[in-house]
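# Secondary and tertiary structure notes
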Amino acid sequence: MALKAMLFDMDGTLTRPRLDFAAIKREIGIPTTSFILEVMETMTPTERERAMAIVERHEQEAAERSELNDGVVPLLAELGRRGILTGIITRNSRRSCETVMTRHELAFSVLVCRECARAKPSPDGILLALQRLRIDAASAVYVGDHLIDLQAGHAAGARTILVTNGHDKGFHVEADFVVAGPGEIVGLLDTLQGTAR
Ligand SMILES: [Mg+2]
């Protein structure tokens, strides 16, 4: 099977986990077990505006202090050497995504933020990225650290890689491949490209 594109989640995958979702939810005043963007859809316009301002403040602070996850730079370099395209699909805003890209001097072939497509676990963002890259889902892999990343990747028809960051995720059986950090993905590339012996 060919590998033409590797698409990534941002928080906790390309960058070290930093967004404190529990703190954001407490500040908004919603249950810590809920999904922020989904709950916001049920709010009045005034409530939603207030909640979005809280989310964006936390996101921007996290982006400005973000650190790259282990092995991201060598992985991206190796993908470049092999001619494999790269992309980001994130529930973050475009602004915080661009802050992270600029801070770490990263470049990706395509960037899909929450302004561009329905949020994961919907596959829409991944499908939009693949459409822009003109690549079939079967030739793509999606890398993320959350169950919704695996769900979105599979729903799009792509293979998936779970980044555990050393934690027992409980849902690792949902992933096609499991790594502790992005650096380990370099060792999977021959297999993903179908050239492993
Ligand atoms: Mg994530």
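Before reading on, note that the structure itself is shown above.
Values in this document were obtained by computation on a predicted structure and should not be read as measured data. (Residues numbered from 1 in each chain as written. Predicted model: local features only at pLDDT ≥ 70, side-chain atom pairs only at ≥ 80, totals over all residues. Heavy atoms only, no water.)

### Re the pairing of strand β5 (residues 159–163)
The two faces of the sheet receive side chains in turn, since in a regular strand these alternate between them. β5 sits mainly inside the fold: 5 of its 5 residues count as buried. Where burial is concerned, the two faces of β5 agree: the one with Arg159, Ile161 and Val163 and the one with Thr160 and Leu162 are both buried. In terms of strand pairing, strand β4 (residues 140–144) meets β5 through 4 bridges, oriented parallel. Bridged to valine 141 within β5 is arginine 159. For the handedness criterion, the β-α-β arrangement of β4, helix α7 (residues 147–156) and β5 is classed as right-handed. Pairing of β5 with strand β6 (residues 177–179) involves 3 bridges; the strand directions are parallel. (Buried < 20%, exposed > 50% of the residue type's maximum accessible area, 1.4 Å probe, protein only. Helix = DSSP H or I, 4+ residues; strand = E, 2+ residues; numbered from the N terminus. Pairing = 2+ DSSP bridges. Right-handed = clockwise from strand over helix to strand, strands pointing away.)

### Some thoughts on the pattern of salt bridges
A complete count under the given rule lists 13 salt bridges for this structure. Taking the shortest distance from any N to any O, the salt bridge between glutamate 67 and arginine 16 comes out at 3.3 Å. Residue glutamate 67 is found in the loop between α3 (45–64) and α4 (72–81), and its partner arginine 16 is found in the loop between β1 (5–8) and α1 (21–28); the two are separated by 51 residues along the sequence. A residue is classified by how much of its surface remains accessible, and arginine 16, at 34% relative accessible area, is partly exposed. One salt-bridge network, in which partners are shared between bridges, spans Glu78, Arg81, Arg82 and Asp190. (Salt bridge = Lys/Arg side-chain N within 4 Å of Asp/Glu carboxyl O.)

### Quick notes on helix α6 (residues 124–133)
Gly125, Ile126, Leu128, Ala129, Leu130 and Leu133 are the residues of α6 that are buried. At its buried positions, α6 is contacted by β1, β2 (85–89), β3 (110–112), β4 and α7. Positive backbone phi, at 60°, marks arginine 134, one or two positions downstream of α6. (Contact = heavy atoms within 4.5 Å.)

### Observations regarding the packing of α1 against α3
At their nearest, the axes of α1 and α3 sit 10 Å apart, and the two run at 150° to each other. Between α1 and α3, the crossing angle belongs to the class labelled roughly antiparallel. Helix-helix and strand crossings are classified by hand; for α1 and α3 the assignment is right-handed. Residues Ala23, Ile24, Glu27 and Ile28 of α1 pack against Arg50, Ala51, Ile54, Val55, Arg57 and His58 of α3. When the residues that make up the contact of α1 with α3 are grouped by side-chain class, the tally is 6 nonpolar, 1 polar and 3 charged. (Axes fitted to C-alpha atoms, helices over the stretch in contact; angles between N-to-C directions. Parallel < 35°, antiparallel > 145°, perpendicular 65-115°, else oblique. Left-handed = near helix turned anticlockwise from the far one by under 90°. Nonpolar A, V, L, I, M, F, W, Y, C, P; charged D, E, K, R; others polar.)

### Quick notes on the coordination of the magnesium ion
Surrounding the magnesium ion are the protein donor atoms Asp9 (OD), Asp11 (O) and Asp145 (OD), which sit 2.1 to 2.2 Å from the metal. Mapping the donors of the magnesium ion onto the primary sequence yields the spacing D-x1-D-x133-D. On the criterion of sequence distance, the pair formed by aspartate 11 in the loop between β1 and α1 and aspartate 145 in the loop between β4 and α7 is long-range, its members being 134 residues apart. Residue classification places aspartate 11 among the buried positions, given a relative accessible area of 17%. (Donors = N, O, S within 2.8 Å, 3.2 Å for Na, K, Ca; no water.)

From the geometry alone we can't say anything about function, so treat these as descriptive.
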